[in-house]
Amino acid sequence: MIYKHIVLCSFLLLLSTQGCKIKRNVAHKNAPLHGIWNLVNVKGGFEAIDVSYEEREITWSFNEIDRKLTVVNNLLGNELYWVSSGTHEYDMQQTNGYTYLVIEKFHLRLVTIDEKHLKVVQSIVMHGVGVSEYTLYFEKLN
């Protein structure tokens, strides 16, 4: 009798943990940002910059389940115009027909996203006079 009870409890425990794994996998498939994105290029601004980056020099890792973004910048002291290294909360917002990726004080306009490419535009007000826009191009690593 005790043996049947142990087997039944073990089976129910196994079933409940497998159910959680299935839910997580489904959430990832329906979450286009989820995963690690490699920054490959930044273009734009008043300076007309066009800077390319090697794989894993700067990565953004999105966890869409807990809405956390982890930025890893392996180029010491090279934060330039985007989000600094570390873990940040993020959200998605719709405004005037555009989708924005909101990371702390940054509002990045989401231009395109598919399973392998992410393109966002960051607008920066320069001394209250004009707006400079930078386009960040990412490729998915996983």
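Structure first, text after, so check above.
Reading guide: rules and limits
- The residue count restarts for each chain, going from 1 along the sequence in the order it is written.
- Reporting in this predicted model follows two pLDDT cut-offs: at least 70 for local features of residues, and 80 or more for side-chain atom pairs to be given and counted; totals over whole chains, interfaces and linings ignore these cut-offs and use all residues.
- Only hydrogens and water are set aside when side-chain values are computed; all heavy atoms of the structure are taken into account.
- The definition of a nonpolar core used throughout is a set of buried Ala, Val, Leu, Ile, Met, Phe, Trp, Tyr and Cys residues joined through side-chain atoms within 4.5 Å.
- The rule is simple: take the accessible area with a 1.4 Å probe, protein chains only, and divide by the maximum for that residue type; under 20% is buried, over 50% is exposed, in between is partly exposed.
- Each helix corresponds to a stretch of at least 4 residues labelled H or I by DSSP, and each strand to a stretch of at least 2 residues labelled E; elements are numbered beginning at the N terminus.
- Salt bridges are defined as contacts in which a side-chain nitrogen from Lys or Arg sits within 4 Å of a carboxyl oxygen from Asp or Glu.
- Under the rule applied, a polar contact is a pair of N or O atoms within 3.5 Å (in protein, one hydrogen donor and one hydrogen acceptor; residues adjacent in sequence only if both atoms are side-chain atoms).
- Should any heavy atoms of two residues lie within 4.5 Å, those residues are counted as being in contact.
- Here the aromatic set is Phe, Tyr and Trp, taking the six-membered ring for Trp, and pairing holds for ring centres within 6.5 Å; pairs whose planes are under 30 degrees apart are stacked, those over 60 apart are edge-to-face, and all others are tilted.
- As a reminder, the over-ring test applies to NZ of lysine and CZ of arginine, requiring each to be within 6 Å of the ring centre and within 35 degrees of the ring normal.

*Asks:* Please set out the nonpolar core residue by residue, giving values where relevant.
*Replies:* Counting residues in each nonpolar core, the largest one holds 23 residues, and the members touching the most others are Trp60, Phe62, Leu101, Ile103, Leu118, Leu136 and Phe138. When contributions to this core are tallied by element, the ones reaching two or more residues are strand S1 (35-44), strand S3 (58-63), strand S4 (68-73), strand S6 (98-103), strand S7 (106-113), strand S8 (117-126) and strand S9 (130-140).

*Asks:* Quick rundown of the pattern of salt bridges? Include the residues and the values.
*Replies:* Pairs can form between side chains of opposite charge whenever their charged atoms are close. In total, this model carries two salt bridges according to the counting rule given. Glu64 is the partner of Arg67 in a salt bridge, and the nearest nitrogen-oxygen pair spans 3.8 Å. In this structure Arg67 comes out as partly exposed when scored by relative accessible area, which is 30%. Look at Glu64 and you get buried, because its relative accessible area is 19%. The residue Lys68 makes a salt bridge to Glu89 at a minimum N-O spacing of 3.4 Å. Placement of Lys68 in strand S4 and of Glu89 in strand S5 (residues 86-95) is noted, with a sequence separation of 21 residues between them. Here Glu89 falls in the exposed class, since its relative accessible area comes to 55%.

*Asks:* Describe the side chain of His88, listing the residues and the values that go with them.
*Replies:* Mapped onto the secondary structure, His88 falls in strand S5. For His88, a relative accessible area of 5% corresponds to the buried category. At 2.7 Å, the side chain of His88 and the backbone oxygen of Ser84 are in polar contact. Excluding its chain neighbours within four sequence positions, the residues that come into contact with His88 are Arg67, Lys68, Leu69, Val71, Val83, Ile103 and Glu104.

*Asks:* Hey, could you go over the packing of aromatic side chains for me, with residue numbers and the actual values?
*Replies:* The tally for this structure, following the rule as stated, stands at four aromatic pairs. Between Phe62 and Tyr90, the aromatic rings sit 5.1 Å apart at their centres with planes inclined by 85°, giving edge-to-face as the arrangement. With Phe62 in strand S3 and Tyr90 in strand S5, this residue pair connects regions lying 28 residues apart in the sequence. Take Phe62 and Tyr90: they sit in the same class, and that class is buried. An aromatic cluster of three or more residues is present, and its members are Trp60, Phe62, Tyr90 and Phe138. Taking the ring centre of Tyr98 as reference, the NZ or CZ of Arg109 above it sits at 5.3 Å.

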